[in-house]
Amino acid sequence: MKPPSQLIKTKGAPKKLKPTPNDNSTTLALSYCEHVNKLFPDSLTPKSQKSQTRSNKGARISKPPSTPIPPKIPIIEEMPIPPKISFIEQMSVFMHKYIKRIINVAENGNCGYRAVSPLLGNGEDSHTLVRQQLIQELNMHKDSSTRLYGDEVKFEAVNEYLGPWLGAYAPVSKWMKFPEMGHLIASAYGRVYIDLTRYGFSKTFSPSAPHLLETEMPIPPTSSEWALHHSEDAET
């Protein structure tokens, strides 16, 4: 027998040949992880995660942009609504802005005197005191009052219906009458007295003595009797 001309390997599987790079190429062969990253770019292998973490260690983390503080909205306080004045709709519209209050007094025949009393700082139940003060004013100036009313008969008539009424309801003869009471009230308390009515002519009654009147409110014309019987000092 003759030996074989070539040696034959009888043990082990044939070895796989490693791919050899091109002799003229200067690039290195890709590793296993690089092959995986190339085939699956969206997935990260543990090794690539570590390398990415190392590369981010030296990076500066920027702070998130700060949210701007909204400007403060000024709080506007609501103006309080003034309370509605009762019965003001019964007055002329042009007078509404000049009216501060309206007193609704009891209806027992003394309503005129009841309305005057609270304006003097008293309760409306002091209407009898108002009558007495007006009687005193009338008799203290009897001569000028007689000339104002025309004669002694009218003077005594005014003196009569000024007398207090002690009953529950005063009769018509005891009611407050105008223009007679307008002059008397203005002179007794030294104040301008205005009679506003819807059933006739409104008038302004001024004291017969000197007084000061300063107002922006439109007022009715002055009573014609005042122009005839006021004192000379009252004109200034």
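Read on for an overview of the structure. It should be emphasised that the depicted structure is a prediction, and the values quoted were computed from it without experimental measurement.

Check the secondary structure of the chain and you find eight helices and two strands. Taken from the N to the C terminus, the helices and strands of the chain come in the order α-α-α-α-α-α-α-β-β-α. A total of 236 residues make up the chain; the buried ones form 23% of that total. In the chain, of all internal contacts separated by at least 6 residues, the share reaching a separation of at least 24 is 36%. Of the roughly 19,700 Å² that the chain leaves accessible, carbon and sulfur atoms contribute 58%.

A word on the pattern of salt bridges. All told, the structure shown has two salt bridges when counted by the stated rule. For R114, the salt bridge goes to E124, with nearest N and O atoms at 3.0 Å. Taken as a pair, R114 in helix α3 (residues 111-119) and E124 in the loop between α3 and α4 (127-140) lie far apart in primary sequence, ten residues in all. Judged by relative accessible area, which is 9%, R114 ranks as buried. Across the pair D125 and R114 runs a salt bridge whose closest N-O atoms are separated by 3.1 Å. You can see D125 sitting in the loop between α3 and α4 and its partner R114 sitting in helix α3, a full eleven residues away along the chain.

Moving on, we come to α4. Taking 1.5 Å of rise per residue, the 14 residues of α4 would be expected to cover 20 Å, and the 20 Å separating its terminal C-alpha atoms lies within 8% of that figure. The set of residues buried in α4 consists of H127, V130, R131, L134, E137 and L138. Down the axis of α4, the buried set is contained in an arc of 125 degrees. They therefore lie on one face. Tucked into the core, α4 has its buried residues touching α3, α5 (142-149), α6 (152-161) and α7 (180-189).

If you look at soluble globular proteins, the nonpolar side chains tend to sit buried side by side. In terms of nonpolar packing, the biggest core is built from 19 residues, with Y113, L134, L162, M181 and I185 touching the most fellow members. A total of five residues in this core trace back to one element, the largest contributor, which is α7.

Taken together, the side chains of D143, D151, E152, E156 and E160 define an acidic patch exposed on the protein surface. In terms of residue count, the dominant contributor to the negative patch is α6 (three residues). Counting through the fold element by element, E156 comes out in helix α6.

Turning our eyes to something else, we now look at the packing of aromatic side chains. For the structure on display, the rule yields two aromatic pairs. Here the aromatic rings of F178 and Y193 are separated by 5.7 Å at their centres, their planes lie at 10 degrees, and the arrangement is stacked. Placement of the pair is F178 in the loop between α6 and α7 and Y193 in strand β1 (residues 193-195), with a sequence separation of 15 residues. A relative accessible area of 31% means that F178 is categorised as partly exposed. Joined through ring pairs, the aromatic side chains of F178, Y193 and F205 make up one cluster. The ring of Y161 carries the charged tip of K177 above its face, separated from the ring centre by 4.3 Å.

Mapped onto the fold, N110 is located in the loop between α2 (46-57) and α3. Once the C-alpha coordinates of N110 and H127 are considered, the two residues, 17 residues apart in sequence, prove to be 7.1 Å apart. Other than its neighbours up to four places away in sequence, N110 contacts H127, R131 and A170.

A cluster of nonpolar residues, Y169, V172 and W175, forms a patch on the protein surface that exposes about 320 Å² of accessible area. Secondary-structure assignment places V172 in the loop between α6 and α7.

P179 follows F178 through a cis peptide bond whose omega is 10 degrees. Positionally, P179 belongs in the loop between α6 and α7. Positive phi is not limited to glycine here, since F87 has a value of about 70 degrees. Among the structural elements, F87 can be located in the loop between α2 and α3. The exposure class assigned to F87 is partly exposed, which follows from its relative accessible area of 35%.

Reading guide: rules and limits
Residues numbered from 1 in each chain as written. Predicted model: local features only at pLDDT ≥ 70, side-chain atom pairs only at ≥ 80, totals over all residues. Heavy atoms only, no water. Helix = DSSP H or I, 4+ residues; strand = E, 2+ residues; numbered from the N terminus. Buried < 20%, exposed > 50% of the residue type's maximum accessible area, 1.4 Å probe, protein only. Contact = heavy atoms within 4.5 Å. Areas by Shrake-Rupley, 256 points an atom, 1.4 Å probe, with all protein chains shown as cover. Salt bridge = Lys/Arg side-chain N within 4 Å of Asp/Glu carboxyl O. Expected span 1.5 Å × (residues − 1). Arc of directions from axis to C-beta. Core = buried A, V, L, I, M, F, W, Y, C linked by side-chain atoms within 4.5 Å. Patch = residues over 30% accessible without salt bridge, like charges linked within 9 Å, V, L, I, M, F, W, Y side chains within 5 Å. Lys, Arg positive; Asp, Glu negative; His and termini not counted. Charge placed at Lys NZ, Arg CZ, Asp CG, Glu CD. Phe/Tyr/Trp six-rings, centres within 6.5 Å; stacked < 30°, edge-to-face > 60°. Lys NZ or Arg CZ within 6 Å of the ring centre and 35° of its normal.

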